[in-house]
Amino acid sequence: MVGWQVRTAQAVMFAQALASLGIWVVQLLTISVRLDHGQDVAPTVWLVIVVNPLIAILVALAAALLVRRPWARGLAVVMEVVGAVSALISVLTGYYQAVIAILLAIGVIVLVVSGPRRPVHAA
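Here the residue index of a chain counts from 1 through its sequence in written order. Only residues with pLDDT of 70 or above have their local features reported here, since the model is predicted, and side-chain atom pairs are shown and tallied only from 80 upward, although totals for entire chains, interfaces and linings are computed over all residues. No hydrogens and no water enter the side-chain calculation; it runs on all heavy atoms of the structure.

Participant: Hey, could you go over the overall build of the protein for me, with residue numbers and the actual values?
Facilitator: Where helices and strands are cited, they refer to DSSP runs of H or I of at least four residues and of E of at least two residues respectively, numbered from the N terminus. Broken down by element type, the protein carries four helices and zero strands. Shown N-terminal to C-terminal, the secondary structure of the protein runs as helices and strands in the order α-α-α-α. For the protein, the spread of C-alpha atoms along the three principal axes comes to 60 × 30 × 20 Å. Buried residues in the protein amount to 30% of all 123 residues. In what follows, residue pairs with any heavy atoms lying within 4.5 Å of each other are defined as contacts. Considering only intrachain contacts with a sequence separation of at least 6, the fraction spanning at least 24 residues in the protein is 68%. Per element, the accessible surface of the protein, about 8,000 Å² overall, is 74% carbon and sulfur. Between buried and exposed lies partly exposed: a residue is buried under 20% and exposed over 50% of the maximum accessible area for its type, with that area taken using a 1.4 Å probe on protein chains only. The Shrake-Rupley method, run with a 1.4 Å probe sphere, supplies the accessible areas, and residue values consider only the shown protein chains as cover.

Right under this line is the structure:
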């Protein structure tokens, strides 16, 4: 039986992955408009465009496997730390709403770490 902590963490992680992909689409559209108007796009923005969907995919993968694979807990914690650091950078550059992402990441980490462990059975 899977604890409520892990199920809640799973739901939040799926929501995070979905929101991240939505933000990625908005970022792509913004870059497209800038390029259409002859504006420069910073190299860091291109890096974000490549890394953001990879992070979203890894968060969704960790969420999907959280109850089936013991290593997915570690991946979930790592991806939440990556998300929290990314959000902290956003806060430091003036996007204060990213504080919510930091709080969610901390909450998911607490839920994943405190949730019951699935017993490992020999095959």
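Now that the structure has been shown, the text picks up again.
Participant: Could you give an account of the packing of helix 1 (residues 4-36) against helix 4 (residues 99-114), naming the residues involved and the relevant values?
Facilitator: Axes here refer to lines fitted to C-alpha atoms; in helices the fit is confined to the stretch in contact. Angles between the N-to-C directions go from 0 to 180 degrees. At their nearest, the axes of helix 1 and helix 4 sit 8 Å apart, and the two run at 145 degrees to each other. The two elements helix 1 and helix 4 cross, and the hand of that crossing is left-handed. Packed against helix 1, whose contacting residues are W4, Q5, T8, A9, V12, M13 and Q16, the element helix 4 presents L104, A105, V108, L111, V112 and S114 at the interface. The classification used treats Ala, Val, Leu, Ile, Met, Phe, Trp, Tyr, Cys and Pro as nonpolar, Asp, Glu, Lys and Arg as charged, and all other residues, Gly among them, as polar. Classifying every residue of the contact of helix 1 with helix 4 gives nine nonpolar, four polar and no charged. By definition, turning the near helix anticlockwise from the far helix through less than a right angle yields a left-handed crossing, and turning it clockwise yields a right-handed one.

Participant: Give a description of the environment of V50 that names residues and reports values.
Facilitator: Its location among the elements puts V50 in helix 2 (residues 43-65). In the structure, V50 is positioned 29 residues away from L21 in sequence and 12 Å away in space, judged by C-alpha atoms.

Participant: Requested: an account of the packing of helix 1 against helix 2, with residues and values cited.
Facilitator: At their nearest, the axes of helix 1 and helix 2 sit 9 Å apart, and the two run at 160 degrees to each other. Regarding the angle of helix 1 to helix 2, the classification is roughly antiparallel. Relative to helix 2, helix 1 is oriented so that their crossing is left-handed. Residue classes in the contact of helix 1 with helix 2 are distributed as 20 nonpolar, five polar and no charged. With respect to orientation, any angle under 35 degrees is reported as roughly parallel, any angle over 145 as roughly antiparallel, any angle of 65 to 115 as roughly perpendicular, and every other angle as oblique.

Participant: Can you lay out helix 2 for me, pointing to particular residues and giving the numbers?
Facilitator: Between its first and last C-alpha, helix 2 extends 34 Å over 23 residues, near the 33 Å set by a 1.5 Å rise per residue. The sharpest bend along helix 2 reaches about 25 degrees and sits at V51, with the proline P53 one to four residues further on. Along helix 2, the residues classified as buried are I49, N52, P53, A56, V59, A62, A63 and L65. Contact partners of the buried residues in helix 2: helix 1 and helix 3 (71-92). The span expected for a helix works out to 1.5 Å for each residue beyond the first. Given a residue, its bend is the angle between the two axes fitted to the seven residues that end at it and to the seven that start from it.

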